[in-house]
Amino acid sequence: MRYLRDIPDPAYKISLYQWNGKYIIKIEAGGQYEQTYKLDQTEVETEEEVDRIFDESFRNQVAERFRQMHRDFTESLRRNEIIF
């Protein structure tokens, strides 16, 4: 997997990679959670076009997904008496 660049974002670390004919978009939140999306390189003309995916609506959905991931993980830790 080849690192291409970061996509600027005030809340998350977003990294763009290229591997096996796909762009891989990795979004990290606080070093604890991450979301990964794969996009076939034939779907876009340039890697800069990938930046347009991160419109306000998609960013809001990413944020909500991170919140849900945190809730799910915390609930499991409590349910299994790992944290109280």
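As a starting point, this report considers the structure included with it. No experiment lies behind these values; they were computed from the predicted model shown. (Residues numbered from 1 in each chain as written. Predicted model: local features only at pLDDT ≥ 70, side-chain atom pairs only at ≥ 80, totals over all residues. Heavy atoms only, no water.)

**A word on the sheet that holds strand S4 (residues 33–40)**
Here is step 1 of the chain: Pairing is antiparallel across the open sheet formed by four strands, whose spatial order is S1-S2-S3-S4. What marks the edges here is a single partner per strand, and that holds for strand S1 (2–7) and S4. Averaged over all neighbouring strand pairs, the angle between strand axes comes to 25 degrees, with direction disregarded.
Here is step 2 of the chain: Pairing of S1 with strand S2 (residues 13–19), which is carried by five bridges, proceeds in the antiparallel orientation. (Pairing = 2+ DSSP bridges. Helix = DSSP H or I, 4+ residues; strand = E, 2+ residues; numbered from the N terminus. Axes fitted to C-alpha atoms, helices over the stretch in contact; angles between N-to-C directions.)

**Overview of the nonpolar core**
Here is step 1 of the chain: Judged by nonpolar contacts, the single largest core of 18 residues is most densely connected at Tyr12, Ile27 and Val50.
Here is step 2 of the chain: Those elements that place two or more of their residues in this core are S1, S2, strand S3 (22–29), S4 and helix H1 (56–79).
Here is step 3 of the chain: Contact partners of Val50, with chain neighbours within four places excluded, come to Ile7, Leu16, Tyr23, Ile25, Leu39 and Val44. (Core = buried A, V, L, I, M, F, W, Y, C linked by side-chain atoms within 4.5 Å. Buried < 20%, exposed > 50% of the residue type's maximum accessible area, 1.4 Å probe, protein only. Contact = heavy atoms within 4.5 Å.)

**Section: the pairing of S3**
Here is step 1 of the chain: Inspection of the sheet shows S2 paired to S3 by seven bridges, in the antiparallel sense. From the neighbouring strand, Gln18 faces S3, where its bridge partner is Tyr23.
Here is step 2 of the chain: Hairpin remark: S2 followed by S3, antiparallel, with two residues in the connecting loop; positive phi at Asn20, about 55 degrees.
Here is step 3 of the chain: The sheet contact formed by S3 and S4 spans eight bridges and is antiparallel. Paired with Ile24 across the strands is Lys38, a residue of S4.
Here is step 4 of the chain: In textbook terms, the turn of a hairpin is the stretch between consecutive antiparallel strands, and for S3 and S4 this stretch comprises three residues, one of which, Gly30, has a positive phi near 60 degrees.

Keep in mind that these numbers describe shape and distance, not what the molecule does.
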